[in-house]
Amino acid sequence: MICSLASLIFAIFPLSAHAQSDTIIPKITHHQYNLLNPVPKNQMKEMETDRPDVTESAYTVEPGHFQIETDLYKFVRNRDNKTKSTVHIFNLGNYKLGLSKRADIQFVIPTYVSNNVRKTNTNQIISRTGGFDDITLRFKYNIWGYSGGKTALAALPFISFPTSSFSNNGIQGGIVFPFALKINEKLDFGTQAEIDLVKESNNKYHPEYLYSFTFGKPFSSKISGFVEAVFIYNPNANHTDIFANGGIIYSFSENFNIDAGLNYGIKRNADKIFFAGFSFRL
């Protein structure tokens, strides 16, 4: 199963990048710009974001500029025959700083998370926890496509630290390879292949694989949307989750977007996720 999944990923991967604007051809910037010598605002490319879809952007933040992308509110619901759980996440922020023409650094910080588990038949509370969750450090490197063209490829390794006040997930990490393709002026296509190292409750680590693809389309100068499919395979449990996602983005300006959408787990016991957030660039 793992070999067939990997073969599928890398067979599709070269043909396939993030829904919203991450496939817009950026303006060419000069090599001398860096963290201490920011790109002038009149030479900046269009803002690229890793949210709101699952598929990451293949582009980095402009050198010397700061970008915030956050789920202001995210609601996660799950249920089976015995229990039902709800998770409320507030201000799940991704704070990004452009380091060079090709690289940026990112800190994903969840401000507050509330977890509730109840019995399905009686609605009795089994557990209730809340607090600060794990912090994730990410580094994105644009392999090609930063200075123009219809395609872009990036590598995004990440590591999560066990900073949670209510769970002990240990150190976890992985790497993502997002790829962007601009089909035409009205349609963008994106995909990514991801490998994670996940810690289970028995303190053992195992790999987990994610593949996604997404289509983004502008409806006007201010409004755009995306549809997305996500596949997550856990070889340890021999289990695959499939998500059908979608969302709407409204652009107040070239540096400020708001969005809302859902990630809908197809299987009965898969997560159903609803979110609303924004992206802002300085």
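Residues numbered from 1 in each chain as written. Predicted model: local features only at pLDDT ≥ 70, side-chain atom pairs only at ≥ 80, totals over all residues. Heavy atoms only, no water.

Draft legend 1. Region of the structure containing the overall build of the chain. Summing up its helical and strand segments, the chain has one helix and 13 strands in all. For the chain, the proportion of its 282 residues judged to be buried stands at 47%. Of the accessible surface of the chain, which amounts to about 13500 Å², a share of 63% is contributed by carbon and sulfur atoms. (Helix = DSSP H or I, 4+ residues; strand = E, 2+ residues; numbered from the N terminus. Buried < 20%, exposed > 50% of the residue type's maximum accessible area, 1.4 Å probe, protein only. Areas by Shrake-Rupley, 256 points an atom, 1.4 Å probe, with all protein chains shown as cover.)

Draft legend 2. Spotlight on a nonpolar patch on the surface. A contiguous nonpolar surface patch, about 540 Å² in accessible area, is contributed by Phe219, Ile223, Ile248, Tyr250, Phe252 and Ile258. Ranked by the residues each element gives to the nonpolar patch, the list is headed by strand S11 (residues 239-253), at three residues. Mapped onto the secondary structure, Phe252 falls in strand S11. (Patch = residues over 30% accessible without salt bridge, like charges linked within 9 Å, V, L, I, M, F, W, Y side chains within 5 Å. Salt bridge = Lys/Arg side-chain N within 4 Å of Asp/Glu carboxyl O.)

Draft legend 3. View of the side chain of Ser160. By the secondary structure assignment, Ser160 is in strand S6 (residues 151-161). Polar contacts involving the side chain of Ser160 include one to the side chain of Thr136, which spans 2.7 Å. Once you skip the residues sitting within four places of it in the chain, Ser160 turns out to touch Ile135, Thr136, Gly170, Ile171 and Gln172. (Polar contact = N/O pair within 3.5 Å; in protein donor to acceptor, adjacent residues only side chain to side chain. Contact = heavy atoms within 4.5 Å.)

Draft legend 4. Geometry of the pairing of strand S8 (residues 187-199). Here S8 lies mainly inside the structure; 10 of its 13 residues are buried. Note: strand S7 (residues 172-184) against S8, 11 bridges, orientation antiparallel. Note on S8: the bridge partner recorded for Pro178 is Gln192. The turn linking S7 back onto S8 is made up of two residues. Sheet topology note: the S8/strand S9 (residues 205-218) ladder contains 12 bridges and is antiparallel. In the sheet register, Asp188 faces S9, and the bridge partner there is Gly216. (Pairing = 2+ DSSP bridges.)

Draft legend 5. The packing of aromatic side chains, seen in detail. On inspection of all chains with the given rule, the structure shows 13 aromatic pairs. A ring pair is formed by Tyr73 and Phe90, whose centres lie 5.4 Å apart and whose planes are at 45°; its orientation type is tilted. Of this pair, Tyr73 sits in strand S1 (residues 66-79) while Phe90 sits in strand S2 (residues 83-98), and the two are 17 residues apart along the sequence. Between Phe252 and Phe256 the ring centres are 5.4 Å apart and the planes differ by 20°, which places this aromatic pair in the stacked class. Given the relative accessible area of 45%, Phe252 is considered partly exposed. (Phe/Tyr/Trp six-rings, centres within 6.5 Å; stacked < 30°, edge-to-face > 60°.)

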